[in-house]
Amino acid sequence: MTDIAMPAIVKKPVRESQRALMWRRFKQHKLALVALWIVAAFYLVALLAEFLAPVEPGAYNPRYTYAPPQGIQFISSNEDGSWSFGPYVNGYKSTVDRKAMRRTFTIDPEVKIPLQFFAPSEPYKLAGFIPLSVKLFGVSDPKTPLYILGADRLGRDLLSRLIHGTRISLSIGLAGVTLSLFFGIIIGGFSGYYGGWFDSVVMRVIEFIRSMPTIPLWLGLAAALPKDWSAIQTYFAITVILSLIGWTELARVVRGRFLSLRTEDFVTAAQLDGASDWRIITRHMVPSFMSHIIAAATLAVPGMILAETALSFLGLGLQAPIVSWGTLLQDAQNIRTLATAPWLLTPGICVVVVILSLNFFGDGLRDAADPHGR
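Residues numbered from 1 in each chain as written. Predicted model: local features only at pLDDT ≥ 70, side-chain atom pairs only at ≥ 80, totals over all residues. Heavy atoms only, no water.

Caption draft 1: Representation of the pairing of strand S5 (residues 130–138). The pairing of strand S4 (residues 116–126) with S5 spans seven bridges and is antiparallel. Bridge assignment links Tyr-124 to a residue of S5, and that residue is Leu-132. Linking S4 back to S5 in an antiparallel pair, the connection comprises three residues, with Ala-127 at a positive phi of about 60 degrees. (Pairing = 2+ DSSP bridges. Helix = DSSP H or I, 4+ residues; strand = E, 2+ residues; numbered from the N terminus.)

Written as structure tokens, this is what we have:
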């Protein structure tokens, strides 16, 4: 009997989608992956601000002005020498400086204030529409001082204000980038697609805007806002101002891509098929380099956050009662803060961490979206 040779089984090559290929490349960038989790954690805090903040951001107690932070501890020793486990903070000792005529606080290790998780609170709405009456943690007696990150000049809890400020500062970055994406893609896309006099006019406008000093331009536009506007109107106006300044860079990138794509075969085929210009731009040209747009938008968010923080810090951006990282840093503008209340600089640390994380995340996303990357 002759042996019959079995045909070799040829495996079809596995084709990865662009999204899967980007994710596989992105995971190889370890620093960007860590930055992604940090950014996600900050946005989760912004989403759950009402639940995570121990008290309302406007609640104050003038008896505890510039109270130092109370570190959370978990293991305490009992009088009989035994140990017990449970979260608690120490109370305060208060002394009055007769010369400076001000009250100073020190941590009292003898006073232990137990913390309870899912503590009951006044009814509120999470994210504006989910009714709740419980906080992540708190104390049983509302009159008991609880300042995990310390208090400000009015005796307001810095942790609660920092959590609520996270929502404003991060959301204004997303809103500003969204508007910048809209203006940049539409204006830059039509400029590169049509060319001619329209392209020349758009490029001259972009060059004029980019030639102006950024900080003075922000200050001038923010100072022009009416003083009697509500907090919501000011918030919306600051977002629009940042978007009107930030769309130029993306528009130049989109224009350059459109200039190279409008002579490609798939664009010519769509034109011969009778597709409208709008359909060619939105359904064929923009998706072909959407990964680059996503990377550019990610790298633009830090600039938006820094711009809002700078304007609010200088007193020309968001104002009270809106709480943002910039408005919180306004309390850190005097010598006493730097000398006796350094915890008021905590919002600045948050700004640095978020900006670095967004930049690392954007770098990793840009490398993953590079079609010539390894």
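Caption draft 2: Fine view of the packing of helix H8 (residues 265–272) against helix H9 (residues 277–288). Relative orientation of the contacting elements H8 and H9 amounts to 150 degrees, with a least axis distance of 11 Å. Here H9 runs roughly antiparallel to H8, going by the angle between their axes. Both H8 and H9 take part in a crossing whose hand is right-handed. Residues Phe-266, Val-267, Ala-270 and Gln-271 of H8 pack against Ile-280, His-284 and Met-285 of H9. Split into classes, the residues belonging to the contact of H8 with H9 amount to five nonpolar, two polar and no charged. (Axes fitted to C-alpha atoms, helices over the stretch in contact; angles between N-to-C directions. Parallel < 35°, antiparallel > 145°, perpendicular 65-115°, else oblique. Left-handed = near helix turned anticlockwise from the far one by under 90°. Contact = heavy atoms within 4.5 Å. Nonpolar A, V, L, I, M, F, W, Y, C, P; charged D, E, K, R; others polar.)

Caption draft 3: Region of interest: the pattern of salt bridges. Summed over all chains, the structure comprises seven salt bridges. Salt-bridge contacts for Glu-50 lead to Arg-167; the nearest nitrogen and oxygen are separated by 2.6 Å. Of this pair, Glu-50 sits in helix H3 (residues 49–52) while Arg-167 sits in helix H4 (residues 158–194), and the two are 117 residues apart along the sequence. The class for Glu-50 is buried, based on a relative accessible area of 12%. Judged by its relative accessible area of 23%, Arg-167 is partly exposed. For the salt bridge of Glu-207 with Arg-204, the shortest nitrogen-to-oxygen distance reads 2.9 Å. Within this pair, Glu-207 and its partner Arg-204 are both found in helix H5 (residues 196–211), separated by three residues, close to a single helical turn. On the basis of relative accessibility, which here comes to 41%, the residue Glu-207 falls in the partly exposed class. (Salt bridge = Lys/Arg side-chain N within 4 Å of Asp/Glu carboxyl O. Buried < 20%, exposed > 50% of the residue type's maximum accessible area, 1.4 Å probe, protein only.)

Caption draft 4: Broad picture of the nonpolar core. Of all hydrophobic cores here, the largest spans 31 residues; its most connected members are Trp-218, Ile-238, Leu-242, Ile-305, Trp-325 and Val-354. Those elements giving two or more residues to this core turn out to be helix H2 (30–47), H4, helix H6 (214–223), helix H7 (231–261), helix H10 (290–313), helix H11 (325–329) and helix H13 (346–369). Of the residues forming this core, the biggest block, six residues, is contributed by H10. Those residues within four positions of Trp-325 in sequence are excluded, and the remaining contacts are Phe-42, Leu-162, Gly-165, Thr-166, Ser-169, Leu-170, Pro-347, Cys-350, Val-351 and Val-354. (Core = buried A, V, L, I, M, F, W, Y, C linked by side-chain atoms within 4.5 Å.)

Caption draft 5: How the structure looks around the packing of aromatic side chains. Scanning the model with the defined rule gives eleven aromatic pairs in all. Ring geometry for Tyr-64 and Tyr-92: centres 5.9 Å apart, planes at 40 degrees, overall tilted. Remark: Tyr-92 occurs in strand S2 (residues 83–97) and Tyr-64 occurs in the loop between H3 and strand S1 (73–77); sequence separation between them is 28 residues. For the pair Tyr-64 and Tyr-92, one class covers both residues: buried. Ring centres of Tyr-193 and Tyr-194 lie 5.1 Å apart, and the angle between their planes is 85 degrees; this geometry places the pair in the edge-to-face category. Tyr-193 sits in the buried class, given a relative accessible area of 9%. For Tyr-194, a relative accessible area of 44% corresponds to the partly exposed category. Each member of the aromatic cluster is reached from another via a ring pair, and the members are Tyr-64, Tyr-92, Phe-105 and Tyr-147. (Phe/Tyr/Trp six-rings, centres within 6.5 Å; stacked < 30°, edge-to-face > 60°.)

Caption draft 6: Geometry of unusual backbone geometry. Positive phi outside glycine occurs at Tyr-66, with the angle close to 55 degrees. Within the secondary structure, Tyr-66 is located in the loop between H3 and S1. Here Tyr-66 falls in the buried class, since its relative accessible area comes to 16%. A positive phi is found at Phe-118, a non-glycine position, where the angle reads about 55 degrees. Locating Phe-118 in the fold gives a position in strand S4. Residue Phe-118 is classed as exposed on the basis of its relative accessible area of 55%.

Caption draft 7: Focus on the sheet that holds S2. With antiparallel pairing, the three strands of this open sheet are ordered in space as S1-S2-S3. Across the chains shown, the open sheet's two edge strands, defined by having one partner strand only, are S1 and strand S3 (102–114). Averaged over all neighbouring strand pairs, the angle between strand axes comes to 55 degrees, with direction disregarded. Two elements, S1 and S2, share four bridges in a ladder whose sense is antiparallel.

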